[in-house]
Amino acid sequence: DTGVSQNPRHKITKRGQNVTFRCDPISEHNRLYWYRQTLGQGPEFLTYFQNEAQLEKSRLLSDRFSAERPKGSFSTLEIQRTEQGDSAMYLCASLNTGTYTQYFGPGTRLTVL
Amino acid sequence: QQQVKQSPQSLIVQKGGISIINCAYENTAFDYFPWYQQFPGKGPALLIAIRPDVSEKKEGRFTISFNKSAKQFSLHIMDSQPGDSATYFCAASMTGANNLFFGTGTRLTVIP
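Now for a quick tour of the structure. (Residues numbered from 1 in each chain as written. Chains lettered and ligands numbered in written order. Predicted model: local features only at pLDDT ≥ 70, side-chain atom pairs only at ≥ 80, totals over all residues. Heavy atoms only, no water.)

1. Section: the pairing of strand β8 (residues 72–77) of chain B
All names here are of chain B.
Next up, step 1: The buried count for β8 comes to five of six residues, which makes it a mostly enclosed element.
Next up, step 2: Two strands pair when backbone bridges link them, and strand β7 (residues 62–67) and β8 are joined in this way by six bridges, in the antiparallel orientation. Across the sheet, residue Asn 67 finds its bridge partner in β8, namely Gln 72.
Next up, step 3: The turn linking β7 back onto β8 is made up of four residues, and Lys 71 within it adopts a positive phi angle of 55°. (Buried < 20%, exposed > 50% of the residue type's maximum accessible area, 1.4 Å probe, protein only. Helix = DSSP H or I, 4+ residues; strand = E, 2+ residues; numbered from the N terminus. Pairing = 2+ DSSP bridges.)

Written out as structure tokens, the structure is:
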């Protein structure tokens, strides 16, 4: 069990640019979740995958956001035309369906200037 | 709206004392209630979790108390240590999607 990894750990970008984050879940976990956490708040659900299928998207996930999990392993989250309000920590988690435990990665901190 | 309400926002406890954090929920479909610990710059890590068929669960110094009728649950940290200083989040989820609804967090500081 190597844990959930996320890359990059930090990303600074200018408003209007596109950014992409990657998440590698725990290998035997077929469910993968994306959350967004702003300063001083708890994580908020964005979307989740069961294998390669994206099953649910939050209203927080605007049209500028897209997530993929092409082979049911790693996932990417892309934000197009970034805005300053997108500045946050983006967290990925994978689920152990036996214990219902979600294991979180270290997150990608996005700063939009 | 906030599906899980958490209090207090911050808590200062002396070393060796008991830290108590409270959460309340409205959605009776929730059937899994975890507590996560988060250190600055890190992702949340599961501390302890409970299902509504039991009223209490203890793991080491950490205890969850669960009151189904009041729709409330709490975390008790016994013999609090400076290393426990972190932000604690309660959360809830329901069978199916299992996505977590988090509280707003409690910043715990344990003074030596």
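Now that the structure has been shown, the text picks up again.
2. Let's talk about the pattern of salt bridges
Next up, step 1: Going through the model one piece at a time under the given rule, you end up with six salt bridges over all chains.
Next up, step 2: Measuring nitrogen to oxygen at the nearest pair gives 3.5 Å for the salt bridge that ties Glu 26 of chain B to Lys 71 of chain B. Of the two residues, Glu 26 of chain B is situated in the loop between β3 (19–25) and β4 (33–38) and Lys 71 of chain B in the loop between β7 and β8; the sequence distance between them amounts to 45 residues.
Next up, step 3: The class for Glu 26 of chain B is exposed, based on a relative accessible area of 61%.
Next up, step 4: Overall, Lys 71 of chain B belongs to the partly exposed group, its relative accessible area being 22%.
Next up, step 5: Glu 59 of chain B is paired through a salt bridge with Lys 57 of chain B; the nearest N and O atoms lie 3.6 Å apart.
Next up, step 6: Judged by relative accessible area, Lys 57 of chain B falls into the partly exposed class, the value being 32%.
Next up, step 7: Overlapping salt bridges bring together Arg 64, Glu 83 and Asp 86 of chain A as one network. (Salt bridge = Lys/Arg side-chain N within 4 Å of Asp/Glu carboxyl O.)

3. Concerning the state of the cysteines
Residue and element names in this part refer to chain A.
Next up, step 1: Taken as a whole and assessed by the stated rule, the structure comprises two disulfides over all chains.
Next up, step 2: A sulfur-sulfur distance of 1.8 Å marks the disulfide that ties Cys 23 to Cys 92. Taking the sign of the S-S torsion, about -65° here, the bridge from Cys 23 to Cys 92 comes out left-handed. Taken together, the positions of Cys 23 in strand β3 (residues 19–24) and Cys 92 in strand β9 (residues 88–96) put the pair 69 residues apart, joining distant regions of the chain. (Disulfide = S-S within 2.5 Å.)

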